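# Coordinate inspection notes
Here is what each chain is made of, one letter per residue.
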Amino acid sequence: MGKSDFLTPKAIANRIKSKGLQKLRWYCQMCQKQCRDENGFKCHSMSESHQRQLLLASENPQQFMDYFSEEFRNDFLELLRRRFGTKRVHNNIVYNEYISHREHIHMNATQWETLTDFTKWLGREGFCKVDETPKGWYIQYIDRDPEAIRRQLELEKKKKQDLDDEEKTAKFIEEQVRRGLEGKEQEAPTFTELSRENEEKVTFNLSKGACSSSGAMSSKSSTLGPSALKTVGSSASVKRKQSAQSSAQSKEKKKKKSALDEIMETEEEKKRTARTDYWLQPEIIVKIITKKLGEKYHKKKGIVKEVIDKYTAVVKMIDSGDKLKLDQTHLETVIPAPGKRILVLNGGYRGNEGTLESINEKTFSATIVIETGPLKGRRVEGIKYEDFSKLT
């Protein structure tokens, strides 16, 4: 058979090999060409087109590396978002599925040397939640899509509304029961003597000694019966009266709480659980921590002028007056000196202004005094650094 025969075993084997993945050592990322063996890669490296690509890359190697890194990151995150959503998954599972595509960008052409370095970078930049376990690194995609965030907020709002309705119904039922019990006086229990009707004599054909002993026992029981029942009934009634008096006293103690105290307790309980993953607020001072903007803005302070979509802020630099649009992952709060004004950004006292009293460097927390709202004048300890920032 000739070489051009399409159905020969060798031709079929060559087509199968060309479709699958080949060895990475024989792949040229600059030309995006996969060679089948060492001889093919050697011939390709000596070709004119390959030499031209190397000359282009030598002029600006950083530009090519940035391009390949961006393509690798975008394709990896797109696969993670479509395939796994916001589920927690092992990073090696995602990577193996990514490299199964024949035309993928190889990691040795990017700025990351290993998959672990790339995973840590995703966590630092805020693209994913990462955590290390004995089995390796796990990643979880953070969906910042406005439509997904809107759906999540609607679900939380609906769940909260359902819980509020259930609580209102339960309180209404308790109020109705309490009102019903107030109108009625609890009747004291009455005790009567034990009486038997239609008594019948029971006779036993026993010996003389047994009869005498049984007669003595019956005479004793007949003499002790009514008095014993009366004493038991009187002691039980005394105990029940004492328990009723103690329960009445406990109810009076509970009623001593004013309505304002109850409202403040419920408001404080709600605020303790009111934590969110966004913290930006207008008119606070923040610090830029990203290096992507250069040394001009790194570690510089600015004022938040506007908050967009809860996670993005327009920041006006204090030194130069420049305005920048930054994500909250590229910013951090500013801790002022004791005695300065601050704004609580997260937690139970979110939105309240206050004064910084002291700083605890061991626990990375501070003590503040609330100056606004119904809790004005309250001294709060243990507020974390990331939950408050300096006010302008």
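This write-up is about the structure you can find in this document. (Residues numbered from 1 in each chain as written. Predicted model: local features only at pLDDT ≥ 70, side-chain atom pairs only at ≥ 80, totals over all residues. Heavy atoms only, no water.)

### Some words on the pattern of salt bridges
Here is the rule: Take a side-chain nitrogen of Lys or Arg and a carboxyl oxygen of Asp or Glu: if they are within 4 Å of each other, that pair is a salt bridge. Numbered from the N terminus, helices here are DSSP runs of H or I no shorter than four residues, and strands are runs of E no shorter than two. Relative accessibility decides the category of a residue: with a 1.4 Å probe and only protein chains considered, values under 20% of the type maximum give buried, values over 50% give exposed, and everything between is partly exposed.
Taken as a whole and assessed by the stated rule, the structure comprises 11 salt bridges. Linking Arg-88 and Asp-131 is a salt bridge whose minimum nitrogen-to-oxygen distance equals 2.8 Å. Of this pair, Arg-88 sits in strand E3 (residues 88-90) while Asp-131 sits in strand E4 (residues 128-133), and the two are 43 residues apart along the sequence. Taking relative accessible area as the criterion, Arg-88 reaches 45% and is therefore assigned partly exposed. A salt bridge links Lys-296 to Asp-322, with the nearest nitrogen and oxygen atoms 3.5 Å apart. Here Lys-296 is found in the loop between strand E6 (285-288) and strand E7 (301-308), whereas its partner Asp-322 is found in the loop between strand E8 (312-317) and strand E9 (323-327), with 26 residues between them in sequence. Connected through salt bridges with shared partners, the residues Glu-78, Arg-81 and Arg-82 form a single ionic network.

### Considering the sheet that holds E7
Spelled out, the test is: Here the rule is simple: two strands pair whenever DSSP picks up at least two bridges between them. Geometry is summarised by axes, namely lines fitted to C-alpha atoms with helices restricted to the contacting stretch, and by angles between N-to-C directions that run from 0 to 180 degrees.
Ordered in space as E9-E8-E7-E6-E10, the five strands form an open sheet in which the pairing is antiparallel. The open sheet has two edge strands with one neighbour each: E9 and strand E10 (331-333). Within this sheet the neighbouring strands show an average axis-to-axis angle of 45 degrees, counted without direction. The pairing of E7 with E8 spans six bridges and is classified as antiparallel. The residue bridging Val-307 from the neighbouring strand is Ala-313, located in E8.

### With respect to the nonpolar core
Let me state the cut-off plainly: The definition of a nonpolar core used throughout is a set of buried Ala, Val, Leu, Ile, Met, Phe, Trp, Tyr and Cys residues joined through side-chain atoms within 4.5 Å. What makes two residues a contact is simply this: any of their non-hydrogen atoms within 4.5 Å.
Phe-72, Phe-76, Leu-80, Val-94 and Phe-118 are the most contacted members of the largest nonpolar core, which has 22 residues in total. For this core, the elements supplying multiple residues, two or more each, are helix H4 (61-84), helix H5 (91-99), helix H6 (115-125) and strand E5 (136-141). For Phe-118, the contacting residues outside a window of four places in its chain are Phe-72, Arg-73, Phe-76, Met-107 and Trp-112. Val-286, Met-317, Leu-324 and Leu-331 belong to the second-largest nonpolar core, a separate cluster that totals 16 residues.

### Re the sheet that holds strand E13 (residues 365-370)
Strand order in this open sheet of five strands is E14-E13-E12-E11-E15, and the pairing throughout is antiparallel. For this open sheet the edge positions go to strand E14 (379-384) and strand E15 (388-390), each flanked by a neighbour on one side alone. Within this sheet the neighbouring strands show an average axis-to-axis angle of 45 degrees, counted without direction. The pairing of E13 with E14 spans four bridges and is classified as antiparallel. When the bridges of E14 are listed, Val-369 appears paired with Arg-379.

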